[in-house]
Amino acid sequence: MSTTAAIKLPFATVGNRRHSPASLSSRFSSSSIQPQRTSKSISICAGEKPNFRVFSSMSIQAPEKDSPTSFLDHKETGVLHFVKYHGLGNDFVLVDNRDSEEPKITPEQAVRLCDRNFGIGADGVIFALPGINGTDYTMRIFNSDGSEPEMCGNGVRCFARFIAELENLQGMQSFTVHTGAGLIVPEIQEDGKVKVDMGQPILKASDVPTKLTPNKDQVAVKEKLDVNGLIWNVTCVSMGNPHCVTFGSESCNDLQVDELDLAGIGPKFEHHAVFPARTNTEFVQVFSRNHLKMRVWERGAGATLACGTGACAVVVAAVLEGRADRRCTVDLPGGPLDIEWRENDNHIYMTGPAELVFYGSVPVCSF
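The structure contained in this document is the topic of the report that follows. The shown structure was predicted, so the numbers you read here are calculated from the model rather than taken from an experiment.

1. Focus on helix α4 (residues 308-320)
Then step 1. For α4, built from 13 residues, the straight-helix expectation of 18 Å at 1.5 Å per residue is met to within 8% by its first-to-last C-alpha distance of 19 Å.
Then step 2. For α4, the buried fraction is high: 13 of the 13 residues fall into the buried class.
Then step 3. Positioned one or two residues after α4, G322 has a phi angle of 75°, which is positive.

2. Observations regarding the environment of V156
Then step 1. With respect to the helices, strands and loops of the structure, V156 is situated in helix α2 (residues 153-166).
Then step 2. Taking relative accessible area as the criterion, V156 reaches 0% and is therefore assigned buried.
Then step 3. Note: C-alpha distance between V156 and P186 (30 residues apart in sequence) is 7.7 Å.
Then step 4. With residues up to four places along the chain from it excluded, the contact list for V156 reads M139, M151, I184, V196 and M350.

3. A closer look at the pairing of strand β4 (residues 90-96)
Then step 1. Counting buried positions along β4 gives 7 out of 7 residues, so the element sits mostly inside the fold.
Then step 2. Residue alternation in β4 divides its side chains into two sets, N90, F92, L94 and D96 and D91, V93 and V95, and both sets are buried.
Then step 3. Note that strand β3 (residues 79-87) and β4 share 5 bridges and pair antiparallel. Across the sheet, residue Y85 finds its bridge partner in β4, namely F92.
Then step 4. Taking the residues that link successive antiparallel strands as the turn, the β3-β4 hairpin has 2 residues, and the phi of L88 there is positive, at about 55°.
Then step 5. Here 5 bridges tie β4 to strand β5 (residues 124-130), and the two strands are oriented parallel to one another. What sits directly across from L94, in β5, is I126.

4. What to know about empty space enclosed by the protein
Then step 1. By the definition in use, this model includes 3 cavities of 30 Å³ or more.
Then step 2. Estimates place the volume of the largest cavity at around 130 Å³.
Then step 3. Looking at the largest cavity, it is lined by 17 residues, and the ones nearest its centre are N143, P149, M151, C152 and E298.
Then step 4. Its residues assigned to classes, the lining of the largest cavity comprises 7 nonpolar, 7 polar and 3 charged.

5. Side note on the packing of aromatic side chains
Two numbers describe a pair of aromatic rings. These are the distance of the centres and the angle of the planes.
Then step 1. The final tally for this structure, using the stated rule, is 8 aromatic pairs.
Then step 2. Ring geometry for F82 versus F358: centroids 6.1 Å apart, planes at 75°, classification edge-to-face. With a gap of 276 residues between them, F82 in strand β3 and F358 in strand β20 (residues 355-363) connect regions that are remote in the sequence. For the pair formed by F82 and F358, the shared burial category is buried.
Then step 3. Relative to F269, the ring of W232 has its centre 5.5 Å away and its plane inclined at 80°; by these criteria the two rings are edge-to-face. Taken as a pair, W232 in strand β12 (residues 230-238) and F269 in helix α3 (residues 262-270) lie far apart in primary sequence, 37 residues in all. The burial state of W232 is the same as that of F269; both residues are buried.

6. A word on the environment of A263
Then step 1. Within the secondary structure layout, A263 lies in helix α3.
Then step 2. Residue A263 is classed as exposed on the basis of its relative accessible area of 55%.
Then step 3. Linking A263 and A303, residues 40 residues apart in sequence, is a C-alpha distance of 7.0 Å.

Analysis parameters
Residues numbered from 1 in each chain as written. Predicted model: local features only at pLDDT ≥ 70, side-chain atom pairs only at ≥ 80, totals over all residues. Heavy atoms only, no water. Helix = DSSP H or I, 4+ residues; strand = E, 2+ residues; numbered from the N terminus. Expected span 1.5 Å × (residues − 1). Buried < 20%, exposed > 50% of the residue type's maximum accessible area, 1.4 Å probe, protein only. Contact = heavy atoms within 4.5 Å. Pairing = 2+ DSSP bridges. 1 Å grid on protein atoms, 1.4 Å probe; cavity = no way out; pocket = protein on both sides within 12 Å on 5 of 7 lines; lining within 4 Å. Points joined across faces, edges and corners; volume = space filled by probe spheres on them. Nonpolar A, V, L, I, M, F, W, Y, C, P; charged D, E, K, R; others polar. Phe/Tyr/Trp six-rings, centres within 6.5 Å; stacked < 30°, edge-to-face > 60°.

Geometric values such as these leave the question of function open.
Shown next, in the form of structure tokens:
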């Protein structure tokens, strides 16, 4: 059975939400939309290997006159409607799951959807579920390997734009999102970007978690980590998900991130014995006290073009090591993020784009 990813052009209308910007402490912005006009035919079936069929012909559909949400309102049995977004190239399949507290597809099916050769292609699948504990919405994610992370910074910006489209919101609006990392508050701004209150960083080593010995007020700062015989200086931070940040090794204090063999070294950090929950790893180059560059190996996703929580962790680590100020531009392979770790409330604020790519429909063999 094949699936058809029918692509429709989005409308960039973003309308009024239930919170005004002044009512919440976070800020958030929506980005420009540059949709692509291509479509695939795919199928999601149970089994050990992806059972996709991808057809070479691509259909193009002109934008329709009706609301952009009308496409997602379709309720065909056995068909999954989705929207693909990306935040600086960190791309996701977004699913409207507001009618159920359980995701509409399994982690195994998410793996097939994320396959870049036989599926839609994505770093993860994000579900918009009903809010709990008084929040407006709940966000859950399945990574491209089927694992479920606590949160995703680029993903939450995409999630915010997705909700804005589903609810037909306009103007600057904020809403509350329950995640595995706790409460996250995004705000849609007028400048086309998304600003997110990412909350407070978790610094206690045992809570990151890491087995590295804390050396500064229960925090592992510039701790030595042996990875295949090379000693790296690392600082461990959690943004609700674990991060290991390094600015270099004992043999190389001035890290040139573009020269790294990320695919070779990344998995060794991710699966190192000192990280019981595995870890995301950020390799950082310092240009100035307000300008950093990073590459990331994400837990469960591998090398990605951007990682929002990773950029936040990088700024925290840079401040703790005395390398940077509390507000920095962080360059990632997919583009820059603005990160601020405020001293007055200890919260981290991330600002960056989230762009709609296309709408799609995927007939699913079995749920």
